[in-house]
Amino acid sequence: MFVNTFWSLVPPIVAIGLALLTKETYSSLFIGIVVGALLATDFSPIGALDTIINDGLTAAIADNAGIFLFLVILGVMVALVNATGGSAAFGRWAASHIHSKAGALLATFALGVLIFIDDYFNCLTVGSVMTPVTDSQRISRVKLAYLIDATAAPICMIAPISSWAAAVSGVAAKLDTGVSGIQLFIEAIPYNFYSLLTIVFVITMVVLGVDYGPMAAAELKAAQTGDLGSLSEEQEEGSSRANMWDMLIPIFLLIIFCVIGLIYVGGFWDPETNAGDFIAAFGDTDAFVGLPWGALIALVLSIIYLCARRVITFKGAMGCMTKGFNAMVPAILILTFAVSLKSMTGLLGAADYVEGLMKQASEGLFMLLPAIIFVVACLLAFATGTSWGTFGILIPIVLPIFNAAPDLQIMGISACLAGAVCGDHCSPISDTTIMASAGANCNHIDHVSTQIPYAVTVAAICFVNYILAAFIRNVVISLAIGVVMVIGTLLVIRSVQSRKTA
């Protein structure tokens, strides 16, 4: 009775609504799971319980075991560099070289752009490296979380060498498009307004010194009281022998070996698959295997290096195992519940319901279709918390719609990818949003509520730009209009704020 109808989107709506209202993540997600299970089993109590355990929680843990392992290893590495004093030493070095709030924010943004391989990897690495820097400038943790989130999925979605490019290529490769999956991904980059304009938005916001909404309140509190909104305030000084390299070398090892792990899993050294082909190996990799593969090697080498440096004892290093695991328990629990909730929407046929809506829209609003696709992708990704699932659903639907207008086809694919990233960026049940909260070590719902006004601002500009782009059909002009709208919007917001405080 509830399958393939609007009811398929009710469980995530309930969970997200409760989370934003109550600021309580775990119970909100679990209630959403229960609602989904009851709808999927026609309100059978025993059937719902069985669905929650087998199709929800157990499947979520089994399917995401690799990323849970990666999270734990990252948590251990963060605990390790904190215990040695590497983080404190890096913070002291950064404080002596980065003398302004804007400098710290731009450095965080630049590092996020550079780590474009994978969004999970981006969130946790940027968070651990830049926390001492942003703390020294009294930047709130929710602002750090926004910068991490804004340079995770949006950057990965326009990087040809990333796990996201591989995912899009994999979906497109199964369709008859006349080009390879990676070629379609690259062609779609210029019209991916959300990813590109998010970059413009962040840089302009930092340069102009503009904050608004709940983020402005968090930043004011951090500046005036020093309360940054961290979940744990304690900072370990560690060994007096420690220097900044005791933090940076483990991070470098992590980056190097995670890249090696990703291409190894993709068959870079396998003569029967993708021997010597870096791009193809990335296209065939499995991040849930490659990232733990590389992180484990990096962890072992980091322990050897730090013990050899005598900044920590072997017993102290082993004590970081439980510290790192404990630090990641909230993220693992939220991720488990979020994936279980996504499973409920899958059982209720959310994909088929959205497909029907898309086909209805294509019949009468053809020139507005890129904008409509963007909005539908936003809403679907927000409700389900998965951008990969969103473009996996929508790309096969979008491609045939534009058979009569191939010049709009790339724009439609781009709108689909942009909307998927946007919805994922806003969603409280998105794994990337959860990772950004974990990376910045801040309250998850606080991160969501402070970043939504920023993400919605860029999304609104993108929606208008997709309407204009369908008529202009020139990507350079369309992008220029988008950039002007972003800068103009932030200038207006700054002007309004100046009048209020005058």
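Everything below is about the structure shown above.
Everything in this summary refers to the structure shown in the same document.

Reading the values: rules and limits
Residues numbered from 1 in each chain as written. Predicted model: local features only at pLDDT ≥ 70, side-chain atom pairs only at ≥ 80, totals over all residues. Heavy atoms only, no water. Helix = DSSP H or I, 4+ residues; strand = E, 2+ residues; numbered from the N terminus. Rg over C-alpha atoms; globule rule 2.2 N^0.38 Å. Buried < 20%, exposed > 50% of the residue type's maximum accessible area, 1.4 Å probe, protein only. Contact = heavy atoms within 4.5 Å. Areas by Shrake-Rupley, 256 points an atom, 1.4 Å probe, with all protein chains shown as cover. Lys, Arg positive; Asp, Glu negative; His and termini not counted. Charge placed at Lys NZ, Arg CZ, Asp CG, Glu CD. Axes fitted to C-alpha atoms, helices over the stretch in contact; angles between N-to-C directions. Parallel < 35°, antiparallel > 145°, perpendicular 65-115°, else oblique. Left-handed = near helix turned anticlockwise from the far one by under 90°. Expected span 1.5 Å × (residues − 1). Phe/Tyr/Trp six-rings, centres within 6.5 Å; stacked < 30°, edge-to-face > 60°. Salt bridge = Lys/Arg side-chain N within 4 Å of Asp/Glu carboxyl O. Patch = residues over 30% accessible without salt bridge, like charges linked within 9 Å, V, L, I, M, F, W, Y side chains within 5 Å. Core = buried A, V, L, I, M, F, W, Y, C linked by side-chain atoms within 4.5 Å. Polar contact = N/O pair within 3.5 Å; in protein donor to acceptor, adjacent residues only side chain to side chain. Nonpolar A, V, L, I, M, F, W, Y, C, P; charged D, E, K, R; others polar.

**A look at the overall build of the protein**
Counting its secondary structure elements, the protein contains 24 helices and zero strands. A compact globule built from 502 residues should have a C-alpha radius of gyration of about 23 Å, and the protein, at 23 Å, falls within 12% of that. Referenced to the eigenvectors of the C-alpha coordinate spread, the extents of the protein come out at roughly 70 × 60 × 50 Å. When burial is assessed residue by residue, the protein has 55% of its 502 residues classed as buried. Restricting to contacts in the protein with at least 6 residues of sequence separation, those with at least 24 account for 79%. Summing over all exposed atoms, the protein offers an accessible surface of approximately 19500 Å²; the carbon and sulfur share of this is 68%. For the protein, the separation between the mean place of its 19 positive charges and that of its 31 negative charges on side chains is 16 Å.

**Comments concerning the packing of helix α7 (residues 119–136) against helix α8 (residues 141–150)**
Interhelical geometry of α7 versus α8 gives an angle of 140° and a closest axis separation of 10 Å. In terms of orientation, α7 lies oblique with respect to α8. Two packed elements cross with a definite hand, and for α7 against α8 that hand is right-handed. Within the contact between the two elements, α7 uses N122, C123, V126, G127, M130, T131, T134 and D135 and α8 uses R141, L144 and I148.

**Re helix α19 (residues 369–384)**
Helix length check: α19 (16 residues) gives 22 Å between terminal C-alpha atoms against 22 Å at 1.5 Å per residue, within 8%. Here α19 lies mainly inside the structure; 13 of its 16 residues are buried.

**Regarding the packing of aromatic side chains**
To describe a pair of aromatic rings, you give the distance between the ring centres and the angle between the ring planes. Counted under the stated rule, the structure contains twelve aromatic pairs. A ring pair is formed by Y212 and Y454, whose centres lie 4.8 Å apart and whose planes are at 45°; its orientation type is tilted. Of the two residues, Y212 is situated in the loop between α12 (193–208) and α13 (214–225) and Y454 in helix α23 (residues 444–472); the sequence distance between them amounts to 242 residues. With respect to burial, Y212 and Y454 carry one shared label: buried. Aromatic rings pair up to connect Y146, F201, Y212 and Y454 into one cluster.

**Regarding the pattern of salt bridges**
Close approach of charged atoms allows side chains of opposite charge to pair. Per the stated rule, a full pass over the model turns up six salt bridges. One salt bridge in this structure joins E219 and K101, with 2.5 Å as the shortest N-O distance. Note that E219 is positioned in helix α13 and K101 in helix α6 (residues 101–114), a separation of 118 residues in sequence. Judged by relative accessible area, E219 falls into the buried class, the value being 4%. For K101, a relative accessible area of 30% gives the class partly exposed. The closest approach of N and O atoms between K221 and D227, which form a salt bridge, is 3.2 Å.

**A few points about a nonpolar patch on the surface**
Together, V375, L379, F463, V464, L468, I472 and I477 make up a nonpolar patch on the protein surface, roughly 520 Å² of accessible area in all. At the level of elements, α19 and α23 are the ones that each hand at least two residues to the nonpolar patch. The residue L379 is located in helix α19 in this model. Look at L379 and you get exposed, because its relative accessible area is 58%.

**Focus: the nonpolar core**
F70, Y146, Y194, F201, F374, F391 and Y466 are the most contacted members of the largest nonpolar core, which has 157 residues in total. Not counting residues up to four positions away in its chain, the partners in contact with F201 are Y146, Y212, Y454, T457, V458, V486 and L490.

**Examining the environment of Y454**
You can call Y454 buried: its relative accessible area is 0%. With 256 residues separating them along the chain, Y454 and T198 place their C-alpha atoms 9.1 Å apart. Once residues lying within four places of it in the same chain are set aside, the contact partners of Y454 are Y146, F201, M205, V210, D211, Y212 and M215. There is a polar contact of 2.5 Å between the side chain of Y454 and the side chain of D211.

**Description of the environment of I334**
Counting through the fold element by element, I334 comes out in helix α17 (residues 314–347). Since its relative accessible area comes to 6%, I334 is described here as buried. Along the chain, I334 and G319 lie 15 residues apart, while their C-alpha atoms are 25 Å from each other. If near-sequence neighbours (up to four positions away) are discounted, I334 is found in contact with T25, Y26, L29, I434 and H444.

**Some details on the side chain of R141**
For R141, the location among the structural elements is in helix α8. Of the polar contacts made by the side chain of R141, one reaches the side chain of S230; its length is 3.3 Å. Each residue touching R141, except ones within four places of it in the same chain, is listed here: T131, D135, L228, G229, S230, A440, N441 and C442.

**Quick notes on the packing of α19 against α23**
Where α19 contacts α23, the axes come no closer than 7 Å and their chain directions differ by 155°. In terms of axis orientation, α19 runs roughly antiparallel to α23. Residues P370, A371, F374 and V375 of α19 form the contact with α23, whose own contacting residues are A459, C462, F463, Y466, I467 and A470. Tallied by class, the residues present in the contact of α19 with α23 amount to ten nonpolar, no polar and no charged.

**Side note on unusual backbone geometry**
Most peptide bonds take the trans form, and the phi angle of most residues other than glycine is negative. Notably, F43 is not glycine yet its phi reads approximately 65°, a positive angle. Mapped onto the elements of the fold, F43 is located in the loop between α2 (25–40) and α3 (45–63). Of note, the phi angle at R138 is positive, near 55°, even though the residue is not glycine. As for its position among the elements, R138 is in the loop between α7 and α8.

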